[in-house]
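Per-entry structural report
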Amino acid sequence: MTLWGIAFKNFWQNRRRYMAYVASAAFSVMIYFLYTALVLHPQLQEGYRGAIEAVQGMKAASVVIAVFTLLFLLYSNSAFFRSRMKEFGMLSLLGVSKRQLIRIILWESLCIGSLAMVIGLALGLLFVKLFFMGVSVLMGLSEQIPFYAGRPVWIQTIAVFGAFFIVVSLASLRTVLSKNIIELVRAAGQPKETPHFSRWKAILGLLLLVVGYGWACAPNPMLVVLGAIPVTFIVSIGTYLLMREGSMAGLDFLHRREWFFYRQAPFLTVSQLIHKIQENYRVLTAVAILVAVILTAIGTIASLFVVYVRDAVKTTPHAIQLVLSEPGELDLAANRITQVLAENNVTDFHYTQMTFFRAEIDGNSRGVTVIPYSLYQSIRAGRNVPVTLSDKNEAVLITMYAFLTEGDTVQREEVLKVGTRQVPLQVHPAINAQPVNADRYLSYFLCVPDALFEELIIQASKESLLYIAIWDVVDWNSKEMWMAVTQLRELYPEYEFTATAENYRSSLLELGMLFFIGFFVSLVFLAACCSLLYFRLFTEIDDNRRYYLQLEKVGVSDRELKKLTWHQSLILFFTPFIAGLIHSTFAMQALGTLLNRTVLQFGWAVALGYLVLYGAFYLVMYAIYWRSLRVTRLAEI
Amino acid sequence: MLVLEAHGLTKIYDSRGKVKTRALDNFSFQVHEGEFIGIMGPSGSGKTTLLNLLATIDRPTSGTIRLDGVDTSQLKGDQLALFRRRRLGFVFQDYNLIDSLTIGENIILPLVLDRLPLKEIKARQADVAAILGLSDLLQKYPYEVSGGQQQRTAAARAIIHKPAIVLADEPTGNLDSRAARQLMETFTQLNAAAETTITMVTHDPFAASFCRRILFIRDGRFYSEIQRGESRQAFFQQILDVLSLIGGGNNDSMGHRF
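Quick caveat, the model's predicted, so the values are computed rather than measured.

1. With respect to the overall build of chain B
Assigned secondary structure in chain B consists of 8 helices and 10 strands. By the compact-globule yardstick of 18 Å for 258 residues, chain B fits well, its C-alpha radius of gyration being 18 Å. Principal-axis analysis of the C-alpha atoms places the extent of chain B at approximately 50 × 45 × 40 Å. Scored against the burial criterion, the 258 residues of chain B give a buried share of 57%. Here the analysis covers contacts within chain B between residues at least 6 apart in sequence; of these, 68% occur between residues at least 24 apart. Carbon and sulfur atoms make up 47% of the accessible area of chain B, which amounts to about 11000 Å² in all. Each charge class in chain B can be summarised by its mean position, and for the 30 positive and 28 negative side chains these summaries are 4 Å apart.

2. Observations concerning the sheet that holds strand β7 (residues 165-169) of chain B
All names here are of chain B. Spatially, the 6 strands line up as an open sheet ordered β6-β7-β8-β3-β9-β10, and their pairing is mixed. Both outer strands of the open sheet, β6 (88-91) and β10 (221-227), are each paired with one neighbouring strand and no more. The sheet shows a mean angle of 20 degrees between the axes of neighbouring strands, direction not considered. Strand direction decides the pairing type here: strand β3 (residues 36-40) and strand β8 (residues 198-201), joined by 4 bridges, are parallel. Within β8, the residue paired with Gly 38 across the bridge is Met 200.

3. Examining the domain arrangement of chain A
When the parts come together, some accessible area is lost, and that loss is often what is quoted as the size of the interface. Residues and elements named next belong to chain A. Looking at chain A, the domain boundaries give domain 1 (1-190), domain 2 (192-319 + 479-484 + 499-637) and domain 3 (320-475). With 32 residues of domain 1 in contact, the opposing surface of domain 2 contributes 28 residues. Both sides of the domain 1 and domain 2 interface together cover about 2800 Å² of buried area, and 79% of this is carbon and sulfur. Linking domain 1 with domain 2 are 0 salt bridges, by the criterion used here. Taken together, the links from domain 1 to domain 2 amount to 0 residue pairs in polar contact (both at pLDDT 80 or more). Taken together, the elements giving at least two residues each to the side of domain 1 that touches domain 2 come down to α2 (15-39), α4 (51-82) and α6 (98-138). Considering each element in turn, the side of domain 1 that touches domain 2 owes the most residues, 12 residues, to α4. Looking at side-chain class alone, the side of domain 1 that touches domain 2 contains 21 nonpolar, 8 polar and 3 charged residues.

4. Some words on the side chain of Thr 186 of chain B
All names here are of chain B. If you trace the backbone, Thr 186 turns up in helix α6 (residues 177-193). Polar side-chain contacts of Thr 186 include one of 2.7 Å to the backbone oxygen of Gln 182. Residues within four places of Thr 186 in sequence aside, it is in contact with Leu 132 and Arg 152.

5. A word on the packing of α2 of chain A against helix α7 (residues 151-177) of chain A
All names here are of chain A. Packing of α2 against α7 brings their axes to within 9 Å, and their N-to-C directions diverge by 150 degrees. As for the relative orientation of α2 and α7, their crossing is right-handed in sense. For the pair α2 and α7, the contacting residues are Tyr 21, Ala 25, Ser 28, Val 29, Tyr 32, Phe 33, Thr 36 and Ala 37 in the first and Val 153, Trp 154, Gln 156, Thr 157, Val 160, Phe 161, Phe 165 and Val 168 in the second. A class-by-class count of the residues in the contact of α2 with α7 yields 12 nonpolar, 4 polar and no charged.

6. Looking at the packing of aromatic side chains
Counted under the stated rule, the structure contains 36 aromatic pairs over all chains. For the ring pair Phe 261 of chain A and Phe 267 of chain A, a centre distance of 5.2 Å and an interplane angle of 50 degrees mean the geometry is tilted. Here the aromatic cluster, defined as three or more aromatic residues joined through ring pairs, consists of Trp 566, Phe 573, Phe 574, Phe 577, Tyr 614, Phe 617, Tyr 618 and Tyr 622 of chain A. The ring of Phe 253 of chain A carries the charged tip of Arg 257 of chain A above its face, separated from the ring centre by 3.9 Å. One residue, Arg 232 of chain B, lies across the ring of Phe 210 of chain B, its end atom 4.2 Å from the ring centre.

7. Considerations on the sheet that holds strand β5 (residues 70-71) of chain B
Residues and elements named next belong to chain B. Strand order in the open sheet formed by 4 strands is β2-β1-β4-β5, with antiparallel pairing between adjacent strands. Two strands in the sheet have a free side with no partner beyond their single neighbour: β2 (20-32) and β5. As defined by bridge partners, strand β1 (residues 2-14) adjoins strand β4 (residues 62-67) across 5 bridges and the pair is classed as antiparallel. Bridge pairing in β4 places Glu 5 opposite Arg 66.

8. What about the interface of chain B and chain A?
On the chain A side, the residues contacting the 27 residues of chain B number 33 residues. Inspection of the region where chain B meets chain A yields 4 salt bridges. Note that Arg 85 of chain B is salt-bridged to Glu 560 of chain A, the shortest N-O span being 2.7 Å. One can count 10 residue pairs in polar contact (both at pLDDT 80 or more) joining chain B with chain A.

9. A few points about helix α3 (residues 103-113) of chain B
Counting buried positions along α3 of chain B gives 11 out of 11 residues, so the element sits mostly inside the fold. For α3 of chain B, every residue scored as buried is listed here: Ile 103, Gly 104, Glu 105, Asn 106, Ile 107, Ile 108, Leu 109, Pro 110, Leu 111, Val 112 and Leu 113 of chain B.

10. Some details on the packing of helix α18 (residues 541-554) of chain A against helix α19 (residues 558-595) of chain A
Two measures define how a pair of helices packs: the angle their axes make with one another and the distance between the axes. Residue and element names in this part refer to chain A. Relative to each other, α18 and α19 sit at 145 degrees, their axes nearing to 10 Å. Handedness of the crossing formed by α18 with α19: right-handed. Across from Tyr 547, Tyr 548, Leu 551 and Glu 552 in α18, the residues of α19 making contact are Asp 558, Leu 561, Leu 564, Thr 565 and Gln 568. Counted by class, the contact of α18 with α19 contains 5 nonpolar, 2 polar and 2 charged residues.

11. Some points on a nonpolar patch on the surface
The grouping of Leu 115, Ile 119, Leu 123, Leu 126, Phe 127, Leu 130 and Met 133 of chain A at the surface amounts to a nonpolar patch, some 590 Å² of accessible area in total. Within the secondary structure, Leu 123 of chain A sits in helix α6.

12. Quick word on the pairing of β7 of chain B
All names here are of chain B. Summarising burial for β7: 5 of the 5 residues are buried, a large majority. Inspection of the sheet shows β6 paired to β7 by 4 bridges, in the parallel sense. Among the inter-strand pairings, Phe 90 is bridged to a residue of β7, identified as Leu 167. The sheet contact formed by β7 and β8 spans 4 bridges and is parallel. When the bridges of β8 are listed, Leu 167 appears paired with Thr 199. Assessed by its sense of winding, the connection that carries the chain from β7 through α6 to β8 is right-handed.

Conventions adopted
Residues numbered from 1 in each chain as written. Chains lettered and ligands numbered in written order. Predicted model: local features only at pLDDT ≥ 70, side-chain atom pairs only at ≥ 80, totals over all residues. Heavy atoms only, no water. Helix = DSSP H or I, 4+ residues; strand = E, 2+ residues; numbered from the N terminus. Rg over C-alpha atoms; globule rule 2.2 N^0.38 Å. Buried < 20%, exposed > 50% of the residue type's maximum accessible area, 1.4 Å probe, protein only. Contact = heavy atoms within 4.5 Å. Areas by Shrake-Rupley, 256 points an atom, 1.4 Å probe, with all protein chains shown as cover. Lys, Arg positive; Asp, Glu negative; His and termini not counted. Charge placed at Lys NZ, Arg CZ, Asp CG, Glu CD. Pairing = 2+ DSSP bridges. Axes fitted to C-alpha atoms, helices over the stretch in contact; angles between N-to-C directions. Domains from an automatic or database assignment. Buried area = accessible area lost by both parts, 1.4 Å probe. Salt bridge = Lys/Arg side-chain N within 4 Å of Asp/Glu carboxyl O. Polar contact = N/O pair within 3.5 Å; in protein donor to acceptor, adjacent residues only side chain to side chain. Nonpolar A, V, L, I, M, F, W, Y, C, P; charged D, E, K, R; others polar. Left-handed = near helix turned anticlockwise from the far one by under 90°. Phe/Tyr/Trp six-rings, centres within 6.5 Å; stacked < 30°, edge-to-face > 60°. Lys NZ or Arg CZ within 6 Å of the ring centre and 35° of its normal. Patch = residues over 30% accessible without salt bridge, like charges linked within 9 Å, V, L, I, M, F, W, Y side chains within 5 Å. Right-handed = clockwise from strand over helix to strand, strands pointing away.

Okay, here's the thing in structure tokens:
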């Protein structure tokens, strides 16, 4: 047999182990290819509206993917080679020289790398159209982005991953060559000692988690922001401690509960988990943290998506709004807008015209827009009016968001200054209840009783008066409306003219894009999680085969063995997922504090989606694992 | 009472080429309750094949095995596993202990598999451990004890569920001479005191000399049978004589054990 033959035979003998490696590498190649195709798309270079930022985001994401992929490939490759130390040891023992060994390893790496590349590129080419369709829908583009997979995309993907595969194969060479023969041969098959654990470390881990979770639940947004980094750190360490010491303590507890332990399933499963904890806990920690990162990141984006798109409508309640400071101009402009609307077949609208004025209060240096309470009530009629005013000296201060440093959420005394007059007021806070479209200048509204408003507007200076015209349209997001808004945007600057459709669409575009990018990056992370677990199972397959054979000889039936495998792999896979889910739940709670509303449901919806993906992967993996475990069956010996 | 009745056992292995190997050829024998039988023969004589057939982990090409009144060829899949677990006890050359279980846990494995009540499990564990001198080792893991102790653990596991028959495959194969003697004395004691029926396959004449009766097998066929009298030393000499007739023996190195 030639050296080539040996290399090929190696590959074929280990094909199941290679599978996860090749699959995840190919998957990364595919994702990278898709991203690059989008980033380098000629049409996006010219720029759809808002697409430039999105492309920047994509570029950043593709760097993240590339770096993460490299780390992942390095890790999985070293795990893979460690499980094959004995094989290389045997080759050396039989007289294969170092030079030949290097050649075998390099050839093998070359084959695997090319295979992953070919599969990845083929899949990429297959899905690029679908990918563009998805992007188009999420960005709310009226036309689909046309198919594109030009030469630069291929060159960039092949160059980046070619370099990666070279780095990885050099790293694997180092792993093998740094050991001498005896170390290689001995690497496998050393009897494992039963691990010991420290109860204190387990308690410390638990304490760290409690502290981290407690901090994340702090009601004060300021505290939450300050906690972001320390809490991540604390929780990561806590997870690490709990995955080893904590699960050891738990398993040991179960081991000593005789009524529980001395039954078939726990007897074999618990003892086996204890036996393997030393090898398992690092992977479990890594997967738990990765899952937490994925769920939190996507949960956050999903929450922002829902919240901001919904807020876009809330902060821009009127389909079209024009704000001018000269009374004469308003009629003229109003006629023009009505005309443009008519040209676009929008005739079913409700028109209102009002006068407000700007003033100052102590607590807000940026000034407020004063409006009468009746207007506030009428405009928000049918919706939940947060505050009712009873006294002449009461007012509602409406803010877009709760800012962290200002006491916008507490009731307080303020003095309103209009011209020379100073009016003391009892101010009630209200958040995100804009009576008219908010813009850069119109972000704080002070809503006072009508009588007071009438008194004050006379005293207000001419320059502080604002003339506002609004058009309410039920179907504000119709195609006709969008045409009209696009035309009107050309005529008026942003501080005069605002439209719901525009605000809504730009939020959708930005966050939709973010969501899409985030989702794809998360898929790479998820694939990494899954392959980490896959490797965990497959590095030990020889051990496990022996174990199952032993049990089978003693008379454990096939069905029972299957159940046993199912239990053990289920625990291995879903412990970290559940841990990650709990972490991300607390993170979402913290996000809720920041956004001043509950977002847990979005977090859980996202988690459910990932659970389905993860579960599907688990089933596939389990099927492969069971099959390769049963390659040697007792009856065939 | 007959515990084991093998009739006309034939096993033909189809290797990938055209050569068919007849590992076992029309082999018949019987084991009565309380017997301690050895099966000997040179390597390649088919004794391991025979034991695998008896252990129900392999099926004969033709012939029948009645174990404890059950025709094992009628059992399928899970029934077979259950039968093995309840009616048979095994001692293997490589001990076959589960690394992740302590000595005490390894011993009771068959009982736990069969969902016996905890009280019963504990009681039998104490009994068996006492008989085999393992009482002090129950909390230890297999890698922490010697080969002889591991094999005694395997023996304890083989008898704890009171099987109809204990099948031992070269049980002394991995043991030094002292540990081997100890193990065989234990087997003798189990056979005498607890009336455990034992069938052991071995090529070690010293180990075989502890049996009450020995069947010799050669090229898959029955060769001869000898019964033990009062003296084990005399029996050992008898065994060596038969082996030298069969040929292919490893009988020259064993004399020094006396």
